[in-house]
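Chain by chain, the residues:
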Amino acid sequence: MTPPRTENARVLELGCAAGGNLIPHAQRHPGGHYVGVDLSEVQIDAGQQRLAALGLTNINLHHMSISDIGPALGQFDYIVCHGVYSWMSPQV
């Protein structure tokens, strides 16, 4: 395997909450692009406030369902998904 270098990778996290996993990566790797998706508007709002306070521009958090993700979100080198299956409906 020849995975892309993390310094400039595009990373998607499904079930990102307030971005607690993505924000440190975005800080460490300013050449990367990070996208988080979560169904909780409260979590996404908290993450957006933290991003604004930190001034990070290489990360976007979206309040949306995993079911609504489409091609417009882009392509990713890495997709992180942990703890999501335990609370998803069978059709998702």
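None of the values given here were measured: they were computed from a predicted structure.

Chemist: Pulling in residues and values, what's your account of the overall build of the chain?
Modeler: Of regular secondary structure, the chain possesses 2 helices and 4 strands. A compact globule built from 92 residues would reach a C-alpha radius of gyration of about 12 Å, and the chain, at 13 Å, matches this within 12%. Overall size of the chain, expressed as C-alpha extent along the three principal axes, is 35 × 35 × 25 Å. For the chain, the proportion of its 92 residues judged to be buried stands at 33%. Sequence separation of at least 24 residues holds for 69% of the intrachain contacts in the chain that already meet a minimum separation of 6. Counting only carbon and sulfur atoms, one obtains 54% of the accessible surface of the chain, whose full area is about 5900 Å².

Chemist: Summarise the pattern of salt bridges; cite the residues concerned and give the values.
Modeler: Going through the model one piece at a time under the given rule, you end up with 1 salt bridge. The shortest N-O distance in the salt bridge between E7 and R5 comes to 3.3 Å.

Parameters at a glance
Residues numbered from 1 in each chain as written. Predicted model: local features only at pLDDT ≥ 70, side-chain atom pairs only at ≥ 80, totals over all residues. Heavy atoms only, no water. Helix = DSSP H or I, 4+ residues; strand = E, 2+ residues; numbered from the N terminus. Rg over C-alpha atoms; globule rule 2.2 N^0.38 Å. Buried < 20%, exposed > 50% of the residue type's maximum accessible area, 1.4 Å probe, protein only. Contact = heavy atoms within 4.5 Å. Areas by Shrake-Rupley, 256 points an atom, 1.4 Å probe, with all protein chains shown as cover. Salt bridge = Lys/Arg side-chain N within 4 Å of Asp/Glu carboxyl O.

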